[in-house]
Amino acid sequence: MHDHDDFVCPKCGGNRAEASEWQDWLNLHWVINPALVFNEIILGQRVPKRIYLCLRCDETATMRQYVKCPHCMKLHHGLCWAKGNAFGHWFGLFCPDCGGRIPVLMNIFSILVAAATAPLWYPAWLLFGKHWINWEKERAQLARRQIGHRQLLPKNWIAWGILGFGLPLSAVHIVYEFLTDPAFKYTWGRASRDFFISIVSGVLFGIIMKRVLLRRTAGKPGLCRSCGYELRGLTSGICPECGFEFDPKDQIADTSVG
């Protein structure tokens, strides 16, 4: 958590933010989990390599996420690629302004599948690549216009977790068993087990993502955003409880409150 010279929040104008890295547990999970081959190859879901999370805005995490285009340097709201525009990005993410390619994470197993099937999809990219980029720009622009309505989040997080994570996980497991076991037979026992796994894992995933994506940054005035420690009167800029760096002039650490 620190200031970023390459980030200025379009809403509050601050540059204090978290920037996701590939080794963060959520990103690392995306890179190494074989179940997510289904999301990338079949559904066309892509996750930006770097997402900025503003720490000054009093919003839920989903409303504080920004992705930067490395070509035109424009910051785009992370919800430009959410809900209705979350899937169908088989060729990657593209800036809604300049059309430049935005760096994304790639599952290591998806890379192997993509390399093996390159003769099937690469000719299509050569023929329709420019048209695809224009279509991607239009989709992102439409999603950007809808962000103000704030209707881009799941209404039912448990159902979203089951459909978006639990069932794909079971599907990949079934395919794996079928490919590795020549005598594979799908019995009622296996079906019941896979159904149970998909439901439980989907419910847990939905609950976790709800807590992560709906968390807020701003707390009570004068309290540390990270741990809630009382910061009034401190001028060092470092929380003595958890080590979180803060601006003494920041409204959340306002020494005049109280």
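Residues numbered from 1 in each chain as written. Predicted model: local features only at pLDDT ≥ 70, side-chain atom pairs only at ≥ 80, totals over all residues. Heavy atoms only, no water.

Asker: Sorry if this is basic, but what is going on with the overall build of the protein chain here?
Answerer: A tally of regular secondary structure across the protein chain gives 6 helices and 7 strands. A buried classification covers 41% of the 258 residues belonging to the protein chain. Partitioning the contacts of the protein chain with sequence separation of at least 6, the portion at a separation of at least 24 is 62%. Per element, the accessible surface of the protein chain, about 14800 Å² overall, is 63% carbon and sulfur. (Helix = DSSP H or I, 4+ residues; strand = E, 2+ residues; numbered from the N terminus. Buried < 20%, exposed > 50% of the residue type's maximum accessible area, 1.4 Å probe, protein only. Contact = heavy atoms within 4.5 Å. Areas by Shrake-Rupley, 256 points an atom, 1.4 Å probe, with all protein chains shown as cover.)

Asker: Explain the pattern of salt bridges here, please?
Answerer: Side-chain pairs of opposite charge can arise whenever the charged atoms involved come near each other. Counted according to the given criterion, the structure contains 4 salt bridges. In this structure, the salt-bridge partner of K74 is D97, at a minimum N-O distance of 3.0 Å. Residue K74 is found in the loop between β4 (65-68) and β5 (75-77), and its partner D97 is found in the loop between β6 (93-94) and β7 (101-102); the two are separated by 23 residues along the sequence. For D97, a relative accessible area of 35% puts it in the partly exposed group. With a closest N to O distance of 3.3 Å, D194 and R193 form a salt bridge. Here the residues in one salt-bridge network are K74, D97 and R144, joined through shared partners. (Salt bridge = Lys/Arg side-chain N within 4 Å of Asp/Glu carboxyl O.)

Asker: In this structure, what is going on with the packing of aromatic side chains? I would like to understand it.
Answerer: Each aromatic ring pair is specified by the distance between its two centres and by the angle formed by the two planes. As enumerated under the stated definition, the model contains 12 aromatic pairs in all. Between F7 and Y66, the aromatic rings sit 6.1 Å apart at their centres with planes inclined by 50 degrees, giving tilted as the arrangement. Here F7 is found in the loop between β1 (2-3) and β2 (16-19), whereas its partner Y66 is found in strand β4, with 59 residues between them in sequence. By the burial criterion, F7 is buried, and Y66 matches it. The interplanar angle of 10 degrees and the centroid separation of 4.4 Å between the aromatic rings of F165 and F205 together place this pair among those described as stacked. With a gap of 40 residues between them, F165 in helix α5 (residues 157-180) and F205 in helix α6 (residues 188-213) connect regions that are remote in the sequence. (Phe/Tyr/Trp six-rings, centres within 6.5 Å; stacked < 30°, edge-to-face > 60°.)

Asker: Help me understand the packing of α5 against α6, please; the structure alone is not making it clear to me.
Answerer: Two measures define how a pair of helices packs: the angle their axes make with one another and the distance between the axes. Their axes nearest at 6 Å, the elements α5 and α6 cross at an angle of 140 degrees. Considered as vectors, α5 and α6 are oriented oblique to each other. Pair α5 / α6 crosses with right-handed handedness. Tallied by class, residues from the contact of α5 with α6 come to 13 nonpolar, 8 polar and 5 charged. (Axes fitted to C-alpha atoms, helices over the stretch in contact; angles between N-to-C directions. Parallel < 35°, antiparallel > 145°, perpendicular 65-115°, else oblique. Left-handed = near helix turned anticlockwise from the far one by under 90°. Nonpolar A, V, L, I, M, F, W, Y, C, P; charged D, E, K, R; others polar.)

Just geometry here; none of it tells us what the structure is for.
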